[in-house]
Amino acid sequence: MNSSLDLLHPYPFEKLNLLFQDIQPANMPLIALSIGEPKHPAPEFVKHAIVENFQHLSTYPNSKGLLGLRQSIATWLTQRFKLNHIDAEKQILPVTGTREGIFSLVQALINRDDAPYVVMPNPFYQIYEGAALLAGATPYFVNCTEDNQYLGDFDQVPAAVWEKTALVFVCTPGNPTGAVLSKQQFKKLIALSDQYGFVIASDECYSELWFDQAPFGLLEVCAEMGRDDYKNCIVFHSLSKRSNLPGMRSGFVAGDATILKPYLKFRTYHGAAMPVQHQLASIAAWDDEAHVEENRRQYRAKFDLFQSELGHLLPLQKPDAGFYYWLKVDHDEKFAQMLMEKAHIKVLPGRYLSRDTAEGNPGENHVRMALVADLAQCEQVVQRLKAIL
(Lines give C-alpha, C1' and ligand atoms only; values in the text may rest on other atoms or scores of the structure.)
Protein backbone atom coordinates (compact mmCIF):
# COMPACT_ATOMS: atom_id res chain seq x y z
CA MET A 1 0.00 0.00 0.00
CA ASN A 2 0.97 3.63 -0.42
CA SER A 3 3.12 4.39 2.64
CA SER A 4 1.70 7.93 2.78
CA LEU A 5 -1.60 6.43 3.93
CA ASP A 6 0.05 5.93 7.32
CA LEU A 7 0.39 9.73 7.61
CA LEU A 8 -3.37 10.31 7.50
CA HIS A 9 -5.19 11.17 10.70
CA PRO A 10 -8.48 9.48 11.55
CA TYR A 11 -11.41 11.46 10.21
CA PRO A 12 -13.06 13.72 12.85
CA PHE A 13 -16.22 11.63 13.01
CA GLU A 14 -14.23 8.49 13.78
CA LYS A 15 -12.78 10.32 16.80
CA LEU A 16 -16.27 11.48 17.74
CA ASN A 17 -17.62 7.92 17.75
CA LEU A 18 -14.82 6.89 20.11
CA LEU A 19 -15.54 9.87 22.37
CA PHE A 20 -19.18 8.81 22.74
CA GLN A 21 -18.71 5.02 22.91
CA ASP A 22 -19.23 4.81 26.68
CA ILE A 23 -21.88 7.55 26.91
CA GLN A 24 -25.47 6.60 27.71
CA PRO A 25 -27.43 9.40 26.02
CA ALA A 26 -30.60 10.98 27.34
CA ASN A 27 -33.77 9.16 26.35
CA MET A 28 -34.87 11.49 23.57
CA PRO A 29 -34.34 11.59 19.80
CA LEU A 30 -30.82 12.39 18.64
CA ILE A 31 -30.28 15.79 17.07
CA ALA A 32 -26.98 15.91 15.17
CA LEU A 33 -25.29 19.31 14.90
CA SER A 34 -21.91 17.72 14.30
CA ILE A 35 -21.78 17.30 10.53
CA GLY A 36 -22.18 19.99 7.89
CA GLU A 37 -24.85 18.16 5.92
CA PRO A 38 -27.72 20.47 4.89
CA LYS A 39 -31.13 19.18 5.95
CA HIS A 40 -33.32 21.74 4.17
CA PRO A 41 -35.36 20.18 1.33
CA ALA A 42 -33.74 19.87 -2.07
CA PRO A 43 -35.41 22.11 -4.70
CA GLU A 44 -38.29 20.32 -6.40
CA PHE A 45 -37.36 21.64 -9.84
CA VAL A 46 -33.90 20.04 -9.51
CA LYS A 47 -35.47 16.68 -8.65
CA HIS A 48 -37.69 16.97 -11.72
CA ALA A 49 -34.71 17.81 -13.91
CA ILE A 50 -32.96 14.61 -12.82
CA VAL A 51 -36.03 12.44 -13.38
CA GLU A 52 -36.75 14.00 -16.78
CA ASN A 53 -33.24 13.12 -17.93
CA PHE A 54 -33.01 9.52 -16.74
CA GLN A 55 -32.36 8.42 -20.32
CA HIS A 56 -28.79 9.61 -19.76
CA LEU A 57 -28.20 6.70 -17.39
CA SER A 58 -27.11 5.00 -20.61
CA THR A 59 -24.70 7.83 -21.50
CA TYR A 60 -21.02 8.07 -20.53
CA PRO A 61 -20.36 11.57 -19.18
CA ASN A 62 -17.49 13.65 -20.54
CA SER A 63 -14.77 14.73 -18.09
CA LYS A 64 -14.96 18.31 -19.33
CA GLY A 65 -18.69 18.45 -18.75
CA LEU A 66 -21.48 19.83 -20.90
CA LEU A 67 -20.82 23.21 -22.50
CA GLY A 68 -24.26 24.28 -21.30
CA LEU A 69 -23.28 23.62 -17.70
CA ARG A 70 -20.01 25.49 -18.03
CA GLN A 71 -21.84 28.42 -19.64
CA SER A 72 -24.42 28.43 -16.84
CA ILE A 73 -21.62 28.50 -14.26
CA ALA A 74 -19.84 31.28 -16.17
CA THR A 75 -23.01 33.38 -16.13
CA TRP A 76 -23.51 32.77 -12.40
CA LEU A 77 -19.89 33.62 -11.58
CA THR A 78 -19.99 36.78 -13.69
CA GLN A 79 -23.15 38.05 -12.03
CA ARG A 80 -22.33 36.98 -8.48
CA PHE A 81 -18.70 38.16 -8.40
CA LYS A 82 -18.83 41.04 -10.91
CA LEU A 83 -16.31 39.44 -13.26
CA ASN A 84 -15.19 41.20 -16.43
CA HIS A 85 -14.97 37.90 -18.29
CA ILE A 86 -14.56 34.20 -17.70
CA ASP A 87 -14.12 31.65 -20.47
CA ALA A 88 -16.52 28.70 -20.14
CA GLU A 89 -14.32 26.72 -22.52
CA LYS A 90 -10.98 27.14 -20.72
CA GLN A 91 -11.50 28.52 -17.23
CA ILE A 92 -14.25 26.30 -15.75
CA LEU A 93 -14.48 22.56 -15.05
CA PRO A 94 -17.32 20.69 -13.33
CA VAL A 95 -16.27 18.42 -10.44
CA THR A 96 -18.17 15.77 -8.51
CA GLY A 97 -18.36 17.89 -5.39
CA THR A 98 -15.68 20.23 -4.06
CA ARG A 99 -14.26 17.47 -1.85
CA GLU A 100 -13.34 15.38 -4.88
CA GLY A 101 -12.18 18.44 -6.81
CA ILE A 102 -9.93 19.71 -4.02
CA PHE A 103 -8.37 16.30 -3.49
CA SER A 104 -7.72 15.62 -7.16
CA LEU A 105 -6.40 19.10 -7.95
CA VAL A 106 -3.72 18.68 -5.29
CA GLN A 107 -2.65 15.35 -6.78
CA ALA A 108 -2.34 16.94 -10.22
CA LEU A 109 -0.66 20.12 -9.00
CA ILE A 110 2.01 18.92 -6.57
CA ASN A 111 5.43 17.81 -7.80
CA ARG A 112 6.49 15.52 -4.96
CA ASP A 113 10.15 15.71 -6.07
CA ASP A 114 10.12 19.33 -4.85
CA ALA A 115 8.94 18.25 -1.36
CA PRO A 116 6.87 21.45 -1.16
CA TYR A 117 4.64 22.95 1.50
CA VAL A 118 0.90 23.30 1.23
CA VAL A 119 -0.15 26.19 3.46
CA MET A 120 -3.61 25.90 5.03
CA PRO A 121 -5.73 27.35 7.84
CA ASN A 122 -5.82 25.66 11.23
CA PRO A 123 -8.55 24.54 12.03
CA PHE A 124 -9.37 23.30 8.55
CA TYR A 125 -11.32 20.98 6.28
CA GLN A 126 -9.39 17.73 6.64
CA ILE A 127 -9.25 17.07 2.88
CA TYR A 128 -6.65 19.87 2.53
CA GLU A 129 -4.24 18.02 4.80
CA GLY A 130 -4.97 14.53 3.48
CA ALA A 131 -4.61 15.60 -0.13
CA ALA A 132 -1.30 17.30 0.62
CA LEU A 133 0.13 14.30 2.47
CA LEU A 134 -0.88 11.83 -0.24
CA ALA A 135 0.62 14.08 -2.90
CA GLY A 136 3.99 14.12 -1.09
CA ALA A 137 3.73 17.65 0.31
CA THR A 138 4.07 18.92 3.87
CA PRO A 139 1.15 20.80 5.45
CA TYR A 140 2.04 24.16 7.00
CA PHE A 141 -0.63 25.41 9.39
CA VAL A 142 -1.66 29.04 9.84
CA ASN A 143 -3.49 29.27 13.16
CA CYS A 144 -6.89 30.97 13.02
CA THR A 145 -7.55 32.35 16.50
CA GLU A 146 -9.75 34.88 18.22
CA ASP A 147 -6.79 37.31 18.22
CA ASN A 148 -6.70 37.39 14.40
CA GLN A 149 -10.51 37.24 13.97
CA TYR A 150 -10.15 33.55 12.99
CA LEU A 151 -8.64 34.59 9.64
CA GLY A 152 -5.02 33.60 10.23
CA ASP A 153 -2.02 35.89 9.87
CA PHE A 154 -0.03 35.28 6.70
CA ASP A 155 2.58 37.79 7.85
CA GLN A 156 3.71 35.17 10.36
CA VAL A 157 4.65 32.64 7.66
CA PRO A 158 8.47 32.65 7.27
CA ALA A 159 9.98 33.53 3.90
CA ALA A 160 11.75 30.14 3.93
CA VAL A 161 8.30 28.47 3.93
CA TRP A 162 6.93 30.71 1.18
CA GLU A 163 9.92 29.86 -0.99
CA LYS A 164 8.99 26.16 -0.87
CA THR A 165 5.21 26.60 -1.04
CA ALA A 166 3.37 25.16 -4.03
CA LEU A 167 -0.20 25.80 -2.89
CA VAL A 168 -2.14 27.90 -0.36
CA PHE A 169 -5.63 26.93 0.74
CA VAL A 170 -8.07 29.49 2.05
CA CYS A 171 -11.64 28.75 3.06
CA THR A 172 -13.99 31.73 2.99
CA PRO A 173 -16.48 31.72 4.61
CA GLY A 174 -14.44 29.51 6.88
CA ASN A 175 -15.19 25.99 8.01
CA PRO A 176 -15.57 25.87 11.02
CA THR A 177 -15.22 29.54 11.99
CA GLY A 178 -17.49 31.31 9.49
CA ALA A 179 -14.88 34.06 9.10
CA VAL A 180 -14.73 35.85 5.72
CA LEU A 181 -11.56 37.11 4.05
CA SER A 182 -11.50 40.78 3.06
CA LYS A 183 -10.47 42.11 -0.34
CA GLN A 184 -7.27 43.42 1.23
CA GLN A 185 -6.36 39.98 2.58
CA PHE A 186 -6.95 38.44 -0.83
CA LYS A 187 -4.77 41.11 -2.43
CA LYS A 188 -2.00 40.39 0.05
CA LEU A 189 -2.10 36.70 -0.87
CA ILE A 190 -2.09 37.51 -4.58
CA ALA A 191 0.99 39.69 -4.09
CA LEU A 192 2.71 36.86 -2.21
CA SER A 193 1.74 34.47 -5.01
CA ASP A 194 3.32 36.82 -7.57
CA GLN A 195 6.47 36.98 -5.46
CA TYR A 196 6.86 33.26 -4.71
CA GLY A 197 4.93 31.56 -7.53
CA PHE A 198 2.48 29.45 -5.53
CA VAL A 199 -1.14 28.70 -6.46
CA ILE A 200 -4.03 30.03 -4.34
CA ALA A 201 -6.99 27.67 -3.97
CA SER A 202 -10.01 29.39 -2.44
CA ASP A 203 -12.68 27.04 -1.08
CA GLU A 204 -15.86 29.14 -1.32
CA CYS A 205 -18.54 26.47 -0.98
CA TYR A 206 -20.28 28.40 1.85
CA SER A 207 -20.26 31.71 -0.05
CA GLU A 208 -24.02 31.85 -0.60
CA LEU A 209 -24.98 31.38 3.07
CA TRP A 210 -24.66 34.95 4.35
CA PHE A 211 -26.66 37.27 6.58
CA ASP A 212 -26.04 40.92 5.71
CA GLN A 213 -23.39 41.14 2.99
CA ALA A 214 -22.37 38.64 0.32
CA PRO A 215 -18.76 37.51 0.92
CA PHE A 216 -16.03 38.53 -1.49
CA GLY A 217 -14.46 35.87 -3.70
CA LEU A 218 -10.94 35.38 -5.04
CA LEU A 219 -11.96 35.77 -8.69
CA GLU A 220 -13.88 38.91 -7.78
CA VAL A 221 -10.72 40.47 -6.39
CA CYS A 222 -8.75 39.36 -9.44
CA ALA A 223 -11.32 41.02 -11.69
CA GLU A 224 -11.15 44.23 -9.69
CA MET A 225 -7.36 44.19 -10.19
CA GLY A 226 -7.78 43.61 -13.94
CA ARG A 227 -6.33 40.09 -13.73
CA ASP A 228 -8.83 38.35 -15.99
CA ASP A 229 -6.41 35.49 -16.60
CA TYR A 230 -6.75 34.70 -12.85
CA LYS A 231 -3.06 33.83 -12.78
CA ASN A 232 -2.33 31.14 -10.17
CA CYS A 233 -5.85 31.58 -8.73
CA ILE A 234 -8.40 28.77 -8.44
CA VAL A 235 -11.81 28.74 -6.74
CA PHE A 236 -14.13 25.90 -5.73
CA HIS A 237 -17.92 26.18 -5.52
CA SER A 238 -20.63 23.64 -4.88
CA LEU A 239 -24.39 23.11 -4.94
CA SER A 240 -24.22 21.14 -1.68
CA LYS A 241 -24.65 24.07 0.71
CA ARG A 242 -26.02 26.68 -1.70
CA SER A 243 -28.87 24.51 -2.95
CA ASN A 244 -29.17 21.74 -0.32
CA LEU A 245 -27.91 19.13 -2.79
CA PRO A 246 -25.01 17.33 -1.06
CA GLY A 247 -26.08 13.98 -2.49
CA MET A 248 -25.89 15.21 -6.07
CA ARG A 249 -22.10 15.70 -5.84
CA SER A 250 -22.06 18.76 -8.07
CA GLY A 251 -19.52 21.54 -7.96
CA PHE A 252 -16.96 23.25 -10.12
CA VAL A 253 -13.43 24.59 -10.18
CA ALA A 254 -12.68 27.84 -12.01
CA GLY A 255 -9.74 30.13 -12.62
CA ASP A 256 -6.33 30.00 -14.29
CA ALA A 257 -6.63 28.16 -17.64
CA THR A 258 -2.96 27.15 -17.57
CA ILE A 259 -3.72 25.10 -14.43
CA LEU A 260 -7.09 23.75 -15.56
CA LYS A 261 -5.77 22.43 -18.89
CA PRO A 262 -3.39 19.82 -17.36
CA TYR A 263 -5.90 19.26 -14.54
CA LEU A 264 -8.48 18.22 -17.15
CA LYS A 265 -5.97 15.69 -18.47
CA PHE A 266 -5.64 14.31 -14.94
CA ARG A 267 -9.43 14.18 -14.57
CA THR A 268 -9.78 12.25 -17.82
CA TYR A 269 -7.70 9.44 -16.29
CA HIS A 270 -9.13 9.95 -12.82
CA GLY A 271 -12.63 9.09 -14.08
CA ALA A 272 -14.71 11.35 -11.86
CA ALA A 273 -17.00 12.84 -14.51
CA MET A 274 -20.39 14.04 -13.30
CA PRO A 275 -23.39 12.02 -14.61
CA VAL A 276 -25.15 13.81 -17.47
CA GLN A 277 -28.52 13.93 -15.71
CA HIS A 278 -26.84 15.61 -12.73
CA GLN A 279 -25.16 18.11 -15.03
CA LEU A 280 -28.51 19.04 -16.57
CA ALA A 281 -30.08 19.37 -13.11
CA SER A 282 -27.09 21.49 -12.04
CA ILE A 283 -27.83 23.94 -14.85
CA ALA A 284 -31.31 24.42 -13.40
CA ALA A 285 -29.86 25.01 -9.93
CA TRP A 286 -27.17 27.52 -11.00
CA ASP A 287 -29.76 29.40 -13.07
CA ASP A 288 -32.11 29.98 -10.12
CA GLU A 289 -31.57 32.33 -7.16
CA ALA A 290 -35.03 32.27 -5.56
CA HIS A 291 -34.39 28.96 -3.77
CA VAL A 292 -31.01 30.26 -2.54
CA GLU A 293 -32.59 33.32 -0.95
CA GLU A 294 -35.17 31.09 0.75
CA ASN A 295 -32.29 28.95 2.03
CA ARG A 296 -30.60 32.03 3.49
CA ARG A 297 -33.89 33.09 5.09
CA GLN A 298 -34.16 29.76 6.91
CA TYR A 299 -30.59 29.96 8.23
CA ARG A 300 -31.11 33.55 9.37
CA ALA A 301 -34.21 32.47 11.31
CA LYS A 302 -32.27 29.71 13.09
CA PHE A 303 -29.35 31.95 14.04
CA ASP A 304 -31.79 34.61 15.27
CA LEU A 305 -33.49 31.95 17.38
CA PHE A 306 -30.21 30.81 18.97
CA GLN A 307 -29.01 34.35 19.57
CA SER A 308 -32.25 35.48 21.24
CA GLU A 309 -32.94 32.33 23.27
CA LEU A 310 -29.43 31.14 24.21
CA GLY A 311 -27.25 34.24 24.02
CA HIS A 312 -27.48 34.74 27.79
CA LEU A 313 -26.46 31.11 28.46
CA LEU A 314 -23.68 30.57 25.92
CA PRO A 315 -21.01 32.89 24.44
CA LEU A 316 -22.59 32.71 20.98
CA GLN A 317 -20.79 34.74 18.33
CA LYS A 318 -22.81 34.89 15.13
CA PRO A 319 -20.44 34.05 12.24
CA ASP A 320 -19.82 36.33 9.27
CA ALA A 321 -21.42 33.68 7.03
CA GLY A 322 -21.97 29.93 6.75
CA PHE A 323 -24.03 27.72 9.05
CA TYR A 324 -21.61 26.96 11.91
CA TYR A 325 -21.23 28.31 15.40
CA TRP A 326 -17.59 28.16 16.53
CA LEU A 327 -18.38 28.15 20.22
CA LYS A 328 -15.84 28.80 22.98
CA VAL A 329 -16.17 26.38 25.90
CA ASP A 330 -14.09 25.36 28.91
CA HIS A 331 -13.21 21.94 27.45
CA ASP A 332 -14.41 20.87 24.03
CA GLU A 333 -14.48 17.10 24.52
CA LYS A 334 -16.15 17.29 27.96
CA PHE A 335 -18.72 19.78 26.65
CA ALA A 336 -19.55 17.49 23.72
CA GLN A 337 -19.92 14.50 26.07
CA MET A 338 -22.15 16.52 28.38
CA LEU A 339 -24.50 17.50 25.54
CA MET A 340 -24.66 13.91 24.32
CA GLU A 341 -25.35 12.51 27.79
CA LYS A 342 -27.83 15.10 29.05
CA ALA A 343 -29.53 16.29 25.87
CA HIS A 344 -28.72 13.71 23.14
CA ILE A 345 -27.29 16.50 21.01
CA LYS A 346 -24.18 15.77 18.98
CA VAL A 347 -21.56 18.50 18.39
CA LEU A 348 -17.95 18.24 17.23
CA PRO A 349 -14.97 19.10 19.49
CA GLY A 350 -12.77 21.72 17.85
CA ARG A 351 -9.53 19.84 18.48
CA TYR A 352 -10.71 17.22 15.96
CA LEU A 353 -10.62 19.87 13.23
CA SER A 354 -7.16 21.22 13.96
CA ARG A 355 -3.57 20.23 14.65
CA ASP A 356 -1.09 20.91 17.43
CA THR A 357 1.47 23.61 16.62
CA ALA A 358 4.24 25.34 18.54
CA GLU A 359 1.67 28.01 19.46
CA GLY A 360 -0.86 25.42 20.63
CA ASN A 361 -3.96 23.86 19.12
CA PRO A 362 -6.35 26.63 17.98
CA GLY A 363 -9.33 24.28 17.92
CA GLU A 364 -9.11 23.25 21.56
CA ASN A 365 -11.87 24.53 23.82
CA HIS A 366 -14.17 25.26 20.91
CA VAL A 367 -16.99 23.14 19.53
CA ARG A 368 -18.51 23.29 16.07
CA MET A 369 -22.29 23.41 16.00
CA ALA A 370 -23.83 23.09 12.53
CA LEU A 371 -27.31 24.65 12.37
CA VAL A 372 -28.37 22.26 9.63
CA ALA A 373 -31.45 20.80 11.30
CA ASP A 374 -34.81 22.33 10.43
CA LEU A 375 -36.32 25.12 12.54
CA ALA A 376 -38.52 22.74 14.53
CA GLN A 377 -35.52 20.63 15.56
CA CYS A 378 -33.52 23.76 16.36
CA GLU A 379 -36.33 24.83 18.67
CA GLN A 380 -35.99 21.46 20.40
CA VAL A 381 -32.24 22.07 20.73
CA VAL A 382 -32.96 25.41 22.38
CA GLN A 383 -35.35 23.86 24.90
CA ARG A 384 -32.94 21.03 25.74
CA LEU A 385 -30.02 23.40 26.20
CA LYS A 386 -32.06 25.70 28.40
CA ALA A 387 -32.93 22.70 30.57
CA ILE A 388 -29.31 21.67 31.19
CA LEU A 389 -27.31 24.92 31.12
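Residues numbered from 1 in each chain as written. Predicted model: local features only at pLDDT ≥ 70, side-chain atom pairs only at ≥ 80, totals over all residues. Heavy atoms only, no water.

Chemist: Which residues make up the overall build of the protein chain, and what values do they have?
Modeler: Helix and strand content of the protein chain: 14 helices and 12 strands. The C-alpha atoms of the protein chain give 21 Å as radius of gyration, which agrees with the globular expectation for 389 residues (21 Å, within 12%). If one aligns the C-alpha atoms of the protein chain with their principal axes, the spans along those axes are about 55 × 55 × 45 Å. Relative to its full complement of 389 residues, the protein chain shows a buried share of 57%. Partitioning the intrachain contacts of the protein chain with sequence separation of at least 6 by distance along the chain shows that 75% fall at a separation of at least 24. Looking at the protein chain as shown, the accessible area adds up to about 16600 Å², and 51% of this sits on carbon and sulfur atoms. (Helix = DSSP H or I, 4+ residues; strand = E, 2+ residues; numbered from the N terminus. Rg over C-alpha atoms; globule rule 2.2 N^0.38 Å. Buried < 20%, exposed > 50% of the residue type's maximum accessible area, 1.4 Å probe, protein only. Contact = heavy atoms within 4.5 Å. Areas by Shrake-Rupley, 256 points an atom, 1.4 Å probe, with all protein chains shown as cover.)

Chemist: Which residues make up the UniProt feature "domain: Aminotransferase class I/classII large" (unreviewed entry) in the protein chain, and what values go with them?
Modeler: Within this structure's numbering, the places UniProt gives as "domain: Aminotransferase class I/classII large" (unreviewed entry) are residues 30-385. A helix fraction of 40% and a strand fraction of 15% characterise residues 30-385, whose end C-alpha atoms lie 13 Å from each other. (UniProt positions renumbered as here; feature names shortened; annotations may be inferred.)

Chemist: Quick rundown of unusual backbone geometry? Include the residues and the values.
Modeler: Each neighbour pair has its own omega, and for threonine 172 with proline 173 the value is -5°, a cis peptide bond. The residue proline 173 is located in the loop between strand E5 (165-171) and helix H7 (183-196) in this model. Residue proline 176 is bonded to the preceding asparagine 175 through a cis peptide linkage, with omega at 20°. Summarising the element assignment, proline 176 is placed in the loop between E5 and H7. Positive phi is not limited to glycine here, since glutamine 149 has a value of about 55°.

Chemist: Before we move on, can you summarise the side chain of serine 193 with the specific residues and values?
Modeler: Structurally, the position occupied by serine 193 is in helix H7. The contacts of serine 193, once residues within four sequence positions are left out, are Phe198, Ile200 and Asn232.

Chemist: Now, about the pattern of salt bridges: what can you tell me, with residues and values included?
Modeler: It is possible for side chains of opposite charge to pair when their charged atoms get near one another. All chains considered together, the criterion is met by 21 salt bridges. As a salt-bridge pair, glutamate 89 and lysine 64 come within 2.4 Å of each other at their nearest N and O atoms. Highlighted residues: glutamate 89 in the loop between helix H3 (67-81) and strand E2 (92-95) and lysine 64 in the loop between helix H2 (44-52) and H3, separated in sequence by 25 residues. Residue glutamate 333 is joined to arginine 351 by a salt bridge in which the shortest nitrogen-to-oxygen separation is 3.8 Å. One end of the pair, glutamate 333, is in helix H13 (residues 332-343); the other, arginine 351, is in the loop between strand E11 (348-349) and strand E12 (366-370), and 18 residues separate them in sequence. Salt bridges sharing partners connect three or more residues here, namely Lys64, Arg70 and Glu89. (Salt bridge = Lys/Arg side-chain N within 4 Å of Asp/Glu carboxyl O.)

Chemist: Any chance you could break down the environment of glutamate 364 for me, citing the residues and the numbers?
Modeler: If you trace the backbone, glutamate 364 turns up in the loop between E11 and E12. Sequence separation between glutamate 364 and aspartate 332 is 32 residues; the distance between their C-alpha atoms is 6.3 Å. Not counting residues within four places of it along the chain, the set of residues in contact with glutamate 364 comprises Asp332, Gly350, Arg351 and Ser354.

Chemist: Mind laying out the sheet that holds strand E7 (residues 233-238), listing which residues take part and the relevant values?
Modeler: Taken together, the 7 strands give an open sheet; going across it, the order is E2-E8-E7-E6-E5-E3-E4, and neighbouring strands pair in mixed fashion. Each having just a single partner strand, E2 and strand E4 (138-143) make up the two edges of the open sheet. Looking at each pair of strands side by side, their axes are set apart by 20° on average, direction ignored. Across 4 bridges, the pairing between E2 and strand E8 (residues 251-255) is antiparallel. Along E8, the bridge assignment pairs proline 94 with phenylalanine 252. The strands that helix H4 (residues 98-109) touches are E2, E5, strand E6 (199-203) and E7; relative to E7, the one it contacts most, it runs at about 155°. (Pairing = 2+ DSSP bridges. Axes fitted to C-alpha atoms, helices over the stretch in contact; angles between N-to-C directions.)

Chemist: Summarise the sheet that holds E12; cite the residues concerned and give the values.
Modeler: In spatial order, the strands read E9-E12-E11; together these 3 strands make up an open sheet with antiparallel pairing. Every other strand in the sheet has two partners, leaving strand E9 (324-328) and E11 as the edge strands with one partner each. Both E11 and E12 contribute to a ladder of 2 bridges, which runs antiparallel. Among the inter-strand pairings, proline 349 is bridged to a residue of E12, identified as valine 367.

Chemist: Tell me about the environment of alanine 254, and please be specific about residues and values.
Modeler: Relative to the helices and strands, alanine 254 resides in strand E8. Sequence separation of alanine 254 and proline 61 is 193 residues, and the distance between their C-alpha atoms is 19 Å. Look past the residues within four positions of alanine 254 in its chain and what remains in contact with it is Leu77, Ile86, Gln91, Ile92, Leu219, Cys233, Ile234, Val235 and Leu260.

Chemist: Now, about the packing of aromatic side chains: what can you tell me, with residues and values included?
Modeler: One pair of aromatic rings is described through two measures. These are the centre distance and the angle between the planes. Following the criterion strictly, the structure yields 19 aromatic pairs and no others. Note on tyrosine 128 and phenylalanine 169: the rings are 4.4 Å apart at their centroids and 15° apart in plane angle, and the pair reads as stacked. Here tyrosine 128, found in helix H5 (residues 126-134), pairs with phenylalanine 169, found in strand E5; they are 41 residues apart in sequence, far enough to count as distant. Here the two residues tyrosine 128 and phenylalanine 169 agree in accessibility, since each one is buried. Site record: aromatic cluster; members linked through ring pairs are Trp76, Phe81, Phe252 and Trp286. The lysine or arginine in question, arginine 300, covers the ring of tryptophan 210, its NZ or CZ lying 5.5 Å from the ring centre. (Phe/Tyr/Trp six-rings, centres within 6.5 Å; stacked < 30°, edge-to-face > 60°. Lys NZ or Arg CZ within 6 Å of the ring centre and 35° of its normal.)

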